[in-house]
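Understanding the architecture of this molecule
Next come the chains, spelled out residue by residue.
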Amino acid sequence: MAPAAAATNAESGYAARHGFAFALLGGVPAHDGEEAAVAQALAQFGTETDLAIHTGNIKGRDERCDDKTYARRHALLDGSPVPLVLVPGENDWAECDRPAAGQFGPVERLNRLRELFFDPDDSLGMLKLDLQRQSETARFRGYPENARWEYGDVLFVTLNIPGNQNNYRTGAGRNGEYEERIQADASWLRQAFAAATRLKARGLVLAFSADPHFEGRHTVAGGVDPYATLKTDLARLASKYAGQVLVVHGGGTSPDRHRPGHALADHPVKFNGKTLQNVARVAMPAAPGPAHWLKVSVEPGNRDVFRIENANTVLRPPQPR
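Worth saying up front: this structure is predicted, and the values here are computed from it rather than measured. (Residues numbered from 1 in each chain as written. Predicted model: local features only at pLDDT ≥ 70, side-chain atom pairs only at ≥ 80, totals over all residues. Heavy atoms only, no water.)

**Examining the packing of aromatic side chains**
Just so we agree on the cut-off: Here a pair means two rings of Phe, Tyr or Trp (six-membered ring of Trp) with centres within 6.5 Å. Their orientation is stacked below 30 degrees between planes, edge-to-face above 60, and tilted elsewhere. Going along the chain from the N terminus, every DSSP run of H or I of four or more residues is numbered as a helix, and every run of E of two or more is numbered as a strand. Each residue gets one of three labels from its accessible area relative to the maximum for its type: buried under 20%, exposed over 50%, partly exposed in between, using a 1.4 Å probe on protein chains only. We call a charge positioned over a ring when the NZ of a Lys or the CZ of an Arg lies within 6 Å of the ring centre and within 35 degrees of the ring normal.
In this structure the tally under the stated criterion is 11 aromatic pairs. For the ring pair Phe22 and Phe156, a centre distance of 5.1 Å and an interplane angle of 85° mean the geometry is edge-to-face. Within this pair, whereas Phe22 is found in strand β1 (residues 20-25), its partner Phe156 is found in strand β6 (residues 154-158), the two being separated by 134 residues in sequence. Note on accessibility: Phe22 and Phe156 belong to one class, buried. With a centroid separation of 5.7 Å and 80° between ring planes, the pair formed by Phe193 and Tyr241 is classed as edge-to-face. Within this pair, whereas Phe193 is found in helix α5 (residues 176-199), its partner Tyr241 is found in the loop between α6 (228-239) and β8 (244-252), the two being separated by 48 residues in sequence. Each member of the pair Phe193 and Tyr241 is classed as buried. Grouping aromatic residues by their ring pairs yields a cluster made of Phe20, Phe22, Trp149, Tyr151 and Phe156. Residue placement shows Arg114 over the ring face of Tyr143; its charged tip is 5.1 Å from the ring centre.

**Notes on unusual backbone geometry**
Here Val28 and Pro29 are connected by a cis peptide whose omega angle stands at -5°. A cis amide bond links His267 to the next residue, Pro268, at an omega of -5°. By the secondary structure assignment, Pro268 is in the loop between β9 (264-266) and β10 (269-271). Unusually for a residue other than glycine, Asn57 sits at a positive phi of about 65°. Relative to the assigned elements, Asn57 resides in the loop between β2 (51-54) and α3 (67-78).

**Regarding the pattern of salt bridges**
The test is simple: Here a salt bridge means any side-chain nitrogen of Lys or Arg lying within 4 Å of a carboxyl oxygen belonging to Asp or Glu.
Under the defined criterion, the tally for this structure stands at 22 salt bridges. Between Arg73 and Asp32 there is a salt bridge, with the nearest N and O atoms lying 3.0 Å from each other. Of this pair, Arg73 sits in helix α3 while Asp32 sits in the loop between β1 and α2 (35-48), and the two are 41 residues apart along the sequence. The salt bridge partner of Glu35 is Arg73, with a shortest N-O separation of 2.8 Å. Of this pair, Glu35 sits in helix α2 while Arg73 sits in helix α3; the two residues are 38 residues apart in sequence, bridging distant segments of the chain. Three or more residues joined by partner-sharing salt bridges are found here, namely Asp32, Glu35, Glu63, Arg72 and Arg73.

**What about the packing of α2 against α3?**
Filter applied, for reference: Here an axis means a line fitted to C-alpha atoms, over the contact stretch when the element is a helix, while the angle between two N-to-C directions is reported on a 0 to 180 degree scale. Each angle gets one of four labels, with under 35 degrees taken as roughly parallel, over 145 as roughly antiparallel, 65 to 115 as roughly perpendicular, and the rest as oblique. Should any heavy atoms of two residues lie within 4.5 Å, those residues are counted as being in contact. Residue polarity follows a fixed list, in which Ala, Val, Leu, Ile, Met, Phe, Trp, Tyr, Cys and Pro are nonpolar, Asp, Glu, Lys and Arg are charged, and the others, Gly among them, are polar.
Relative orientation of the contacting elements α2 and α3 amounts to 25°, with a least axis distance of 9 Å. The orientation of α2 relative to α3 falls into the category roughly parallel. Across the interface between the two elements, Glu35, Val38, Ala39 and Leu42 from α2 touch Arg72, Arg73, Leu76 and Leu77 from α3. Along the lines of polarity and charge, the residues of the contact of α2 with α3 split into five nonpolar, no polar and three charged.

**A closer look at the state of the cysteines**
Stated formally: The definition used for a disulfide is geometric: two cysteine sulfur atoms within 2.5 Å.
Tallying each qualifying case throughout the model produces one disulfide. There is a disulfide in this structure between Cys65 and Cys96, and the S-S distance comes to 2.1 Å. The sign of the -85° torsion about the S-S bond sets the Cys65-Cys96 disulfide as left-handed. Linking Cys65 in the loop between β2 and α3 with Cys96 in the loop between β3 (84-86) and α4 (106-117), this pair joins segments that are 31 residues apart in sequence. On the basis of relative accessible area, Cys65 is assigned to the buried category, the value being 0%. Cys96 gets classed as buried once you look at its relative accessible area, which sits at 0%.

**Brief notes about the sheet that holds β2**
Put simply, the rule reads: Two strands are said to pair when DSSP picks up at least two bridges between them.
Taken in spatial order, the five strands line up as β3-β2-β1-β13-β14 in an open sheet, and their pairing is mixed. Here the strands that pair on one side only, and so sit at the sheet edges, are β3 and β14 (306-309). Averaged over all pairs of adjacent strands, the angle between strand axes in this sheet comes to 20°, irrespective of strand direction. Inspection of the sheet shows β1 paired to β2 by four bridges, in the parallel sense. Across the sheet, Ala23 pairs through a bridge with Ala52, a residue of β2. Contacts from α2 reach β1, β2, β3 and β13 (294-298), with the element oriented near 170° to β1.

**A few points about the side chain of Glu309**
Threshold: In protein, a polar contact requires one atom able to donate a hydrogen and another able to accept it; more generally it is a pair of N or O atoms within 3.5 Å, and residues adjacent in sequence count only if both atoms are side-chain atoms.
Mapped onto the secondary structure, Glu309 falls in strand β14. The buried category is assigned to Glu309, whose relative accessible area is 15%. Within the structure, the side chain of Glu309 is placed 3.3 Å from the side chain of Ser297, a separation counted as a polar contact.

Here's what the structure looks like:
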């Protein structure tokens, strides 16, 4: 494998004038047997896209959360021919205390992921993107997985929001990790919209792993919605933003039950009954095929900024305003 190129976002200006495309992948590989198919998908990125986002769960729910698995998946994703940015998913750390996953401590495993996947200031892949990480600020030194970068005239943002009820624990006194992380996420989200406004970005892409159930409350024991802060903040910030917002997350369900493994793409998005015309959403399927990925094109002449497609179809084009 050739050595990785130096970190650079030098193509941003060119991409803003001529357009670019990025790939979305999530929930794979679920086991060793899917690694070859994922490698083939990554190879396709090099001919069709400029960068990629993985929405988390780089291992199956019942795979061991050991360093050997992490190292193998790191090598796989680092072989992407385009810059690839990873978002941590619940299978990667928050559910590692399950017996089938090896009964590791979730926080200890999250810290290990941070060391292996999020320690440098650049992306994964044979070509690198220079990322700004939340860990650059003293208050949130422990959150390198929360990142942002500008490409073209779009600002990309990642957040650590896992799908196992956001790692909310129902036992008394067990939510220190959850409470501290939602504060970090809320701060990073506010900074992202402020940066997008300052840069006059045409669009903002927000990527995380969980399906937060935008249409209503997602409650756990005690009536708590562990995604309530995210939804409230996102609705408020997006309503004041002049550009277009694309929310990308995992754990989605296909709107067509006869086409399993297809992503859900919808626009506009409703937040607890309130419609935001400038927000679109892509939910990667909960159990995609090993080579399933989506392409998102950013075109200078497109008022809606983002055009979402897969290899065969454009998924639910934006509704007229």
